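Topology and contacts: notes
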Amino acid sequence: KVLVDALFGVPLMLHAYFFTIGLLEWRASRDILEQAKCNFHRSWGLAVIVWAPVQMVNFAFVPVHFQAAFYAMVNVGWKATLSIINHYHDYGTPQQHGALNTAIEAEIAELKGTIWKLEAERDELRLRLG
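As a starting point, this report considers the structure included with it. (Residues numbered from 1 in each chain as written. Predicted model: local features only at pLDDT ≥ 70, side-chain atom pairs only at ≥ 80, totals over all residues. Heavy atoms only, no water.)

**Remarks on empty space enclosed by the protein**
Put simply, the test is: A cavity here means a set of 1 Å grid points, computed over protein atoms only, where a 1.4 Å probe fits but cannot escape. A pocket is an open set with protein on both sides within 12 Å along at least 5 of 7 lines, and lining residues have an atom within 4 Å of a point. Grid points are joined across faces, edges and corners, and a volume is the space filled by probe spheres set on the points. Each helix is a run of H or I in the DSSP string that is no shorter than four residues. Each strand is a run of E no shorter than two, and both are numbered from the N terminus. Lys, Arg, Asp and Glu make up the charged group, whereas Ala, Val, Leu, Ile, Met, Phe, Trp, Tyr, Cys and Pro make up the nonpolar group; the residues left over, Gly among them, are polar.
With the rule as written, the count across this model stands at 1 cavity of 30 Å³ or more. In this structure, the largest cavity encloses a volume near 30 Å³. Val 2, Asp 5, Ala 6, Val 10, Ala 47, Val 48, Trp 51, Ala 52 and Gln 55 together form the lining of the largest cavity. Within the residue set of the lining of the largest cavity, elements represented by two or more residues are α1 (2-24) and α2 (29-61). Per element, the largest residue contribution to the lining of the largest cavity is 5 residues, and it comes from α2. Residues that form the lining of the largest cavity fall into these classes: 7 nonpolar, 1 polar and 1 charged.

As structure tokens, then:
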């Protein structure tokens, strides 16, 4: 059961997920396809790593009347993980954020220097005129 799900069920569900999220975000079909291509292998590999053990534990140890709840609990974390993977390129990596913050801070420092120079010129012109 687990092997069949990993080989056939997971790829179908991942494509359905990427397609549905793309539609809900009003993405063009080309963008949806590109994002699915970009994220599919990482998501599929992670799905096999996560869901194979989860399903084995679920089928072997969880009582039948709790299996749906157990699956749903894991699925909440899984959907969050898929969302992060799907939007990773939109928000970048922490290192990219750090580089961006450094660039912004440098630009702010440059602008503060320019403001200081302009204020000094303004004060000098006021003294000359007045």
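**Thoughts on a nonpolar patch on the surface**
Note the cut-off: The patches reported here contain residues having more than 30% relative accessible area and no salt bridge. Joining distances are 9 Å for like charges and 5 Å for nonpolar side chains (Val, Leu, Ile, Met, Phe, Trp, Tyr). Each accessible area is a Shrake-Rupley result for a 1.4 Å probe, and residues are judged covered by the shown protein chains and nothing else. Salt bridges are defined as contacts in which a side-chain nitrogen from Lys or Arg sits within 4 Å of a carboxyl oxygen from Asp or Glu.
Taken together, the side chains of Leu 3, Val 4, Leu 7 and Phe 8 present a nonpolar region at the surface, about 430 Å² in accessible area. Along the chain, Val 4 falls in helix α1.

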